[in-house]
Amino acid sequence: MGQGECLLCGAVAVLQDSHVLPAFVFRALKEHSATGHIRSSESPNRRVQDGVTQPWLCVGCESSFSRWERDFSNNILRPWRDGVVETAYDDWLLKFCVSVSWRVLKYCKGRNESASYTDTQEKLFVDAERVWREFLLGLRSHPGEFCQQFLISDLIDETTISDLPSNINRFLMGAVSMDIVGSERSAFTWAKMGRFQIFGVVQPGRDKFEGTKVHVKHGVLRPGRFVVPAGLLDLYKEKSAHISEAMAGMSDVQFAKVDAALRSNLERASDSGQLAAMRADAALFGEGVLLRRKRRTDSTE
Ligand SMILES: [Zn+2]
């Protein structure tokens, strides 16, 4: 840990190694995965013990983030995991969501060299970063147009969409990802932490979210009908296909280890969320989707 300027409050201080995505996400997934370990979906041969960290924040700012993460963990993550599907929240939820979106923006913006943005979007990214930072520091009472959309996934047991990816339940319930997503007319930060997703609105676009906005003071989360932009389905398809390809490319040695760990701990596996998601995918698409595609050898056919 070195001395530097805190990215949030600007104070010169000893900077803490802060998680870009909250550490509890990785702890909870580990507790809940069938093998007790989680793997990075980008590179499934490597176990992810913890997420990526950056030396960004002073002790004071880091402890604010930790407090909002603890509130989220105690009041939403655990109850939903334990089957409670109606939970109330206070002002900490918006703080938590903005803190995640702000970190995703800081981490992801500029990291993908193939991504390009319009001049309007570049300006909006700067504005959103400032507004979110000021909100986190208590300098403004709400993030205004740069609002937060929060989604909790559940298992899909039937669908009218014909071309859903066959790992859609495992993707929606389990995958961890972050990115900046959108089009020429829309831009969002996106944090996917297992079944919980936060979209930080930078440029809203034409298709709107309905019923998913995080309120400033308080609200209730419960199952219901929500409207999300149509483009999200394409995002999910792209990301889940990427995971399928990565899994198919997993080395035989690594695959054998996962398989052995699963077999040696059947009790844990039987009530894990991961197994429920696998069963739901099998119910939707048939048992075949759970089988790993045989890797092609280089021999001629
Ligand atoms: Zn600070």
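Along each chain, residues carry numbers from 1 onward, in the same order as the chain's sequence is written. Whole-chain, interface and lining totals are the exception, using all residues; otherwise, since this is a predicted model, local features are given only for residues with pLDDT of at least 70 and side-chain atom pairs are given and counted only at 80 or more. Excluding hydrogens and water, the side-chain values take into account all heavy atoms of the structure.

K.L.:
Would you mind going over the packing of helix α3 (residues 92-108) against helix α4 (residues 119-136) in detail, with residue names and values included?
P.N.:
Comment: axis = line fitted to C-alpha atoms, over the contacting stretch for helices; angle = value between 0 and 180 degrees taken between N-to-C directions. Labels follow the DSSP assignment, with helices taken as runs of H or I lasting at least four residues and strands as runs of E lasting at least two, numbered in each case from the N terminus. Contact geometry of α3 with α4 gives a least axis separation of 10 Å together with a crossing angle of 140°. In this view, α3 runs oblique relative to α4, as classed from their interaxial angle. For the crossing formed where α3 meets α4, the hand is left-handed. Of α4, the residues touching α3 (which contributes L94, K95, V98, S99, S101, W102, L105 and K106) are F125, E129, W132, R133, F135 and L136. Under the scheme applied, nonpolar residues are Ala, Val, Leu, Ile, Met, Phe, Trp, Tyr, Cys and Pro; charged residues are Asp, Glu, Lys and Arg; polar residues are all the others, including Gly. Considered class by class, the residues forming the contact of α3 with α4 number eight nonpolar, two polar and four charged. Angles below 35 degrees are treated as roughly parallel, those above 145 as roughly antiparallel, those between 65 and 115 as roughly perpendicular, and all remaining angles as oblique. Crossing chirality is assigned from the near helix's rotation relative to the far helix, an anticlockwise turn below a right angle marking it left-handed and a clockwise turn marking it right-handed. Two residues form a contact once any of their heavy atoms are found within 4.5 Å.

K.L.:
Just give me the short version of the nonpolar core, but keep the residues and values in it.
P.N.:
The nonpolar core is taken to be a set of buried Ala, Val, Leu, Ile, Met, Phe, Trp, Tyr and Cys residues, with the residues joined through side-chain atoms within 4.5 Å. When a residue's accessible area, from a 1.4 Å probe over protein chains only, is under 20% of the maximum for its type it is buried; when over 50% it is exposed; and in between it is partly exposed. Grouped together as the largest cluster of nonpolar side chains are 52 residues, with contacts concentrated most on L21, F72, I76, L93, F96 and F150. Secondary structure elements with two or more residues in this core: α1 (23-32), β4 (53-57), α2 (59-81), α3, α4, β7 (176-182), β8 (187-193) and β9 (196-203). For this core, the element with the highest residue contribution is α3, accounting for twelve residues. Excluding its chain neighbours within four sequence positions, the residues that come into contact with L21 are F26, V100, V104, V176, S177, M178, A191, K192 and M193.

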